[in-house]
Amino acid sequence: MAKSKGQEKPSAEAASEAEETAAPSGSGERPPSEDRGPMAADDKALLDQLLRLKAEFENYRKRVDRDRPQWERAGKSRLLEKLLPLYDVLLSAHEAVLRHKERLEGSEELATGLELIFKEFTKLFEAEGVAVILSLGKPYDFNLHEVLGQVETAEAPEGTVVDEVARGYTLEGKVLRPARVRLAQSPVLPRGEGSGVV
């Protein structure tokens, strides 16, 4: 099958155009394969920057993962500190209702309602790791107690907690609020007694 000259010309023109596009133009630009030297330096700098950013982000993520429990604990601690005064008021109200049960009408329902609220608070505190600091009859501990005064008594050794004004609480072993207490103090003898002077 013979091809006419008219059919050959278009294919020859297409080949000629393809060569012109592949050949470098007179503007002095080099094909990308010849221009790899300077580009390789730029690529290396960008890759280095990318790797540094990736490492910084990984360090940031690890730091956030490490610090998250501390932030959660601090937030929980602040919330529980705000709930403690309410808990103390409810506890005082419950104890008052129980003491004056006979004189108050409808005190059974009130005592039952307060008991339910008190139990819910107790469950919440136990679930969050809050524990009461047991102070009465124990020696003074500056980590657990805030001294509000002293009581003269011969019934307890000096420095022993004899009165608890406000309960103290710990959160996961750390003091959330110290117990506010009064300590035993040896009674002061009147002048001349026990000194051997007559």
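Residues numbered from 1 in each chain as written. Predicted model: local features only at pLDDT ≥ 70, side-chain atom pairs only at ≥ 80, totals over all residues. Heavy atoms only, no water.

### A short note on the overall build of the protein
At step 1: The helix and strand tally for the protein stands at three helices and six strands.
At step 2: The order of helices and strands in the protein, counted from the N terminus, is α-α-α-β-β-β-β-β-β.
At step 3: Looking at the protein as a whole, 18% of its 198 residues qualify as buried.
At step 4: Across the protein, the fraction of contacts at a sequence separation of at least 24, relative to all contacts at a separation of at least 6, is 64%.
At step 5: Total accessible area computed for the protein in this model is approximately 15,300 Å², and 56% of it derives from carbon and sulfur atoms. (Helix = DSSP H or I, 4+ residues; strand = E, 2+ residues; numbered from the N terminus. Buried < 20%, exposed > 50% of the residue type's maximum accessible area, 1.4 Å probe, protein only. Contact = heavy atoms within 4.5 Å. Areas by Shrake-Rupley, 256 points an atom, 1.4 Å probe, with all protein chains shown as cover.)

### Some points on a nonpolar patch on the surface
At step 1: Taken together, the side chains of Leu47, Leu50 and Leu51 make up a nonpolar region of the molecular surface, amounting to roughly 300 Å² of accessible area.
At step 2: Taking the relative accessible area as the measure of exposure, leucine 50 reaches 54% and is therefore exposed. (Patch = residues over 30% accessible without salt bridge, like charges linked within 9 Å, V, L, I, M, F, W, Y side chains within 5 Å. Salt bridge = Lys/Arg side-chain N within 4 Å of Asp/Glu carboxyl O.)

### Considering the sheet that holds strand S6 (residues 179-185)
At step 1: Ordered by their spatial adjacency, three strands build an open sheet running S2-S6-S3, and the pairing between neighbours is mixed. Two strands in the sheet have a free side with no partner beyond their single neighbour: strand S2 (145-152) and strand S3 (161-166). Strand-to-strand, the axes of this sheet are offset by a mean angle of 30 degrees, without reference to chain direction.
At step 2: Pairing of S3 with S6 involves four bridges; the strand directions are antiparallel. Counted as the bridge partner of alanine 166 is arginine 180 from S6. (Pairing = 2+ DSSP bridges. Axes fitted to C-alpha atoms, helices over the stretch in contact; angles between N-to-C directions.)

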